[in-house]
Amino acid sequence: RDGQTGPHCQGNPHCYESSSYPRECKSDCRDRLKDGLIMDKMFVRVPVAVKAKVTEDLKMKIIGDVQDTIKKMDLELEHFEFQAKKALAQAAGDLSVLPALRSQIDAERSKRQAAKAEAEARLKRAEALEIGAEIGHGTLERTVEIGIGTDLDALARAEILTEDGKIIAFRD
């Protein structure tokens, strides 16, 4: 046969445990399970949330990283403004492209300013972090064996808690 469950199983590889299925189907499924033709378990990869307990060091690192990002954005914005002035000066003689170029420059300027505003908002959130609070710090994967009856919701709730880069707890 094709490795599937018996004709009366309705896709349930554990039909042999039920009293409502015919004896020949139960026997057939037991044989298939024993021969490895029906799976009753498998290994899957599930995500695991990693959380970090906020310490003074972590808070200062986050603040420093965001401040560095903002400084880099300021330099890039300054360079962009220089290039924009240069492009506008070169296009000043051609009135047909000047409005489109200004529009394009304004759109890019707005995009960069919005990104900087978001970084500044992240900085304020970082400065407001309370010591001892838990924050999301990424996702890892783990391989688990699941079988009939496994609680998938419990698998999805798994977390790893870290403090200063070291694991301090596993949670389910």
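Details of the structure are given in the entry above.
Residues numbered from 1 in each chain as written. Predicted model: local features only at pLDDT ≥ 70, side-chain atom pairs only at ≥ 80, totals over all residues. Heavy atoms only, no water.

Before going further, it helps to examine helix 3 (residues 98-127). Compared with an ideal rise of 1.5 Å per residue, which puts 30 residues at 44 Å, helix 3 spans 43 Å between its outermost C-alpha atoms and is within 8% of the ideal. Residues Leu98, Leu101, Ile105, Ala119, Leu123 and Ala126 constitute the buried set of helix 3. Against the buried residues of helix 3 lie helix 2 (56-91). (Helix = DSSP H or I, 4+ residues; strand = E, 2+ residues; numbered from the N terminus. Expected span 1.5 Å × (residues − 1). Buried < 20%, exposed > 50% of the residue type's maximum accessible area, 1.4 Å probe, protein only. Contact = heavy atoms within 4.5 Å.)

Note: most residues except glycine have negative phi, and most peptide bonds are trans. One non-glycine residue, Asp164, lies in positive phi territory at about 50°. Positionally, Asp164 belongs in the loop between strand 3 (159-163) and strand 4 (166-171).

Moving on to the side chain of Thr162. By the secondary structure assignment, Thr162 is in strand 3. On the basis of relative accessibility, which here comes to 11%, the residue Thr162 falls in the buried class. The residues contacting Thr162, other than those within four sequence positions of it, are Val50, Lys51, Ala52, Lys53, Ile167 and Ile168.

Before going further, it helps to examine helix 2. Along its 36 residues, helix 2 runs 52 Å from first to last C-alpha, staying within 8% of the 52 Å computed at 1.5 Å per residue. Burial in helix 2 covers these residues: Leu58, Lys59, Ile63, Val66, Ile70, Leu77, Phe80, Ala84 and Ala91. The inward-facing, buried residues of helix 2 abut strand 1 (41-53), helix 3 and strand 2 (134-147).

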